[in-house]
Amino acid sequence: MFSCDLYKNPTVKQAIYFFFCQKKHRRHKQVDRTEVIRSCVNPTYSKVFTLDFYFEEVQRLRFELYDINNSSHNGLKEADFLGSVECTLGQVSHLDITAEELTGNDDYIELSFSARKLDDKDFFSKSDPFLEIYRLNDDATLQLVYRTETVMNNLNPVWKTFKVSLNSLCSGDHERKLQCTVWDWDSNGKHDYIGEFEATFKEMRGAIDGRQVQWPCMNPKYKVKKKNYKNSGIVILNQCKVIKMHSFLDYIMGGCQIQFTVAIDFTASNGDPRNSCSLHYIHPYQPNEYLKALVAVGEICQDYDSDKMFPAFGFGAQIPPDYKVSHDFAVNFNEDNPECAGIQGVVEAYQACLPKLQLYGPTNIAPIIQKVANSASQEVHTKEAMQYFILLILTDGVITDMADTREAIVQASHLPMSVIIVGIGNADFSDMQMLDGDDGILRSPKGEPVLRDIVQFVPFRNFKHASPAALAKSVLAEVPNQVVDYYNSKGIKPKVPSEYQSSRQFGP
């Protein structure tokens, strides 16, 4: 893992830095963005970007800089693009970026600071103080970790409680030095220095039990010039709370099951299954793209489901006996029990149903998302991390119920659920990128944003000549973080293995 922090950027009134990790096949995926720095010609950003480092891969990065207007509510749509730079992760030493290996500790620290009797730097009012915390790096440089908000006209400020990861604060080293600086904010960006002090996380831990930890805020120049100088105020840590961040493996070992569901597109645009040009054609020696995608993803997910029984649904076909169009029918035609035994059972049910269907349309996927969401909603009431739902949708074209689908995804983002969409064939899938959320926050037709990014979209054609493992890696890469983000956001801890005696067999 690497933590990359930008130091300087061109002069702008208000700027926001975007960080992109370039995907293969000429697509970019937004990783994160900095905070907005206002009215400052040489801003230092406190936002830390964390990404996995793969020695065996060329990881291309793109940094984009934008000027954000006061009235901007639509992100990049109303922002002015100022410039960009591209490089690989292996070249970061050539940029104003630091890269430091992290320890793997994902815990967060919650800190509550206040100050007392700070120096007054203003003539006609009191100081407007804010606090900055810097980490001392191994190369003796200082890295901004966090900047508080400004408390206006107050020499005894109480800053808002904030959270920062232990890795960002001190790289997991409890005795690493931290430099804390207090400033008097000025609207022209030329903030007045009040004073500073050194601390360590080991010292901060003294406030874990509700006790206060205090440091004198010192101005070195005043200490030399003023004979009776004591300090420029006292900074107080009122609370230090360690928030345990559990890993994906913690939840799996605690008994969390991955409930894997498959949904297959049976619309007429796939072509007559009896024709060799059809996307649903069953070749005697070569599996079609639907089967390749199903097996590649399913074989990974099935190892995290103890009973290995998977619901499989179809949409967009006329089904027997009355041949009415359905958008969420059981592929095995057993509506009371749509589960299939293992991925091979799903494959067999898919192949068996094709001669019995009449491919039709339209391509509506909201009903199947809502069906799985209904099951996931039952898990919410348990207040335990026991079932997380993954819906794999295999489709050959642009969906026709985009508004309903956006609404369904926004609602599902509140549930223990992820949606994987694999585009089959050579259709134009440009509209599907919106659902992925990589190019901006997905919103419902009413403007409600997703609570979490739960959708991953991948065109199968990008992996047509790659190994099944490459496709599975691409579509499942975000799932562990989505699982952890959901349960952590709900404050749900994994059960420890001693509390949950698992008889599951992982792997073959």
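Quick notes on the rules
Residues numbered from 1 in each chain as written. Predicted model: local features only at pLDDT ≥ 70, side-chain atom pairs only at ≥ 80, totals over all residues. Heavy atoms only, no water. UniProt positions renumbered as here; feature names shortened; annotations may be inferred. Helix = DSSP H or I, 4+ residues; strand = E, 2+ residues; numbered from the N terminus. Buried < 20%, exposed > 50% of the residue type's maximum accessible area, 1.4 Å probe, protein only. Contact = heavy atoms within 4.5 Å. Areas by Shrake-Rupley, 256 points an atom, 1.4 Å probe, with all protein chains shown as cover. Axes fitted to C-alpha atoms, helices over the stretch in contact; angles between N-to-C directions. Parallel < 35°, antiparallel > 145°, perpendicular 65-115°, else oblique. Left-handed = near helix turned anticlockwise from the far one by under 90°. Nonpolar A, V, L, I, M, F, W, Y, C, P; charged D, E, K, R; others polar. Pairing = 2+ DSSP bridges. Arc of directions from axis to C-beta. Phe/Tyr/Trp six-rings, centres within 6.5 Å; stacked < 30°, edge-to-face > 60°. Lys NZ or Arg CZ within 6 Å of the ring centre and 35° of its normal. Core = buried A, V, L, I, M, F, W, Y, C linked by side-chain atoms within 4.5 Å. pLDDT = per-residue confidence, 0-100. Salt bridge = Lys/Arg side-chain N within 4 Å of Asp/Glu carboxyl O.

- An unreviewed UniProt entry annotates the chain as C2 domain-containing protein of Dicentrarchus labrax.
- For the chain, the Sequence similarities (unreviewed entry) comment in UniProt is given as "Belongs to the copine family."

### Observations regarding the overall build of the chain
Now for step 1: If you tally the helices and strands in the chain, you get eleven helices and 26 strands.
Now for step 2: Residues counted as buried form 49% of the 508 residues belonging to the chain.
Now for step 3: Pairs at least 24 apart in sequence give 71% of the contacts found in the chain among residues at least 6 apart.
Now for step 4: Carbon together with sulfur atoms contributes 50% to the accessible area of the chain, which is approximately 25,200 Å² in total.

### A short note on the packing of helix α5 (residues 289–301) against helix α6 (residues 342–353)
Now for step 1: Relative to each other, α5 and α6 sit at 160 degrees, their axes nearing to 10 Å. On the basis of the axis angle, α5 is roughly antiparallel to α6. Both α5 and α6 take part in a crossing whose hand is right-handed. Contact residues: Y290, L291, L294, V295, G298 and E299 in α5; I343, V346, V347, Y350 and Q351 in α6.
Now for step 2: Class assignment of the residues belonging to the contact of α5 with α6 gives a composition of eight nonpolar, two polar and one charged.

### Things to note about the sheet that holds strand β9 (residues 108–116)
Now for step 1: Ordered in space as β12-β9-β16-β15, the four strands form an open sheet in which the pairing is antiparallel. Two strands lie at the open edges of the sheet, namely β12 (162–165) and β15 (213–216), each paired on one side alone. Between one strand axis and the next, the sheet turns by 35 degrees as a mean value, whatever way the strands run.
Now for step 2: Alignment of β15 against strand β16 (residues 234–243), held across four bridges, turns out to be antiparallel. When the sheet's bridge partners are listed, W215 is paired in β16 with V235.

### Considerations on helix α10 (residues 468–476)
Now for step 1: Along α10, the residues that are buried comprise L471, A472, V475 and L476. Each buried residue of α10 lies within a common arc of 110 degrees when the element is viewed along its axis, so the set occupies one face.
Now for step 2: On its buried side, α10 packs onto α5, β25 (417–423), β26 (455–459) and α11 (479–489).

### Considerations on the packing of aromatic side chains
Now for step 1: All chains considered together, the criterion is met by 15 aromatic pairs.
Now for step 2: When the ring of Y222 is compared with that of Y229, the centres are 6.0 Å apart and the planes differ by 80 degrees; the resulting orientation is edge-to-face.
Now for step 3: Overall, Y222 belongs to the partly exposed group, its relative accessible area being 23%.
Now for step 4: According to the relative accessible area criterion, Y229 is buried, its value standing at 15%.
Now for step 5: By the ring-pair criterion, three or more aromatic residues cluster together here, those being F113, Y146, F162, F197 and W215.
Now for step 6: Across the ring face of Y222, the terminal group of K226 is positioned such that the distance to the ring centre comes to 4.1 Å.

### Concerning the nonpolar core
Now for step 1: Membership of the largest hydrophobic core comes to 53 residues, with the highest contact counts inside it found for F260, F266, L394, V422 and Y487.
Now for step 2: Considering every element that reaches this core, the biggest residue donor is α5, with seven residues.
Now for step 3: With near-sequence residues (within four places) excluded, L394 lies in contact with A263, I264, D265, Y290, A293, L294, F315, V422 and I424.
Now for step 4: Listed in part, the 31 residues of the second largest apolar core include F389, I409, M417 and F429.

### Section: the sheet that holds strand β13 (residues 178–184)
Now for step 1: Spatial strand order, β11-β10-β13-β14: four strands in an open sheet with antiparallel pairing. Strand pairing shows two members of the sheet lacking a second neighbour, β11 (142–147) and β14 (192–199), which therefore form its edges. Recorded for the sheet is a direction-independent mean angle of 25 degrees between the axes of neighbouring strands.
Now for step 2: With seven bridges connecting them, β13 and β14 associate as antiparallel partners. Pairing of D184 across the sheet is with D192, part of β14.

### Overview of the confidence of the model for the chain
Fine structural detail should not be taken from predicted coordinates in areas where pLDDT scores are low.
Now for step 1: Averaged over all residues, the pLDDT of the chain equals 83, while 83% of them reach at least 70.
Now for step 2: Low pLDDT (under 50) marks residues 1–25, which in the prediction has 127 contacts with non-local residues, meaning those over four places away or in another chain.

### Here we look at the pattern of salt bridges
Now for step 1: This structure, assessed with the given rule, holds nine salt bridges.
Now for step 2: Among the ionic pairs, E132 bridges to R147, the shortest N-O distance being 2.9 Å. Taken as a pair, E132 in strand β10 (residues 129–136) and R147 in strand β11 lie far apart in primary sequence, 15 residues in all.
Now for step 3: Notably, a salt bridge pairs R176 with D138, separated by 3.1 Å at the nearest N-O pair. With R176 in the loop between α1 (166–170) and β13 and D138 in the loop between β10 and β11, this residue pair connects regions lying 38 residues apart in the sequence.
Now for step 4: On the basis of relative accessibility, which here comes to 9%, the residue R176 falls in the buried class.
Now for step 5: For D138, a relative accessible area of 65% translates into the label exposed.

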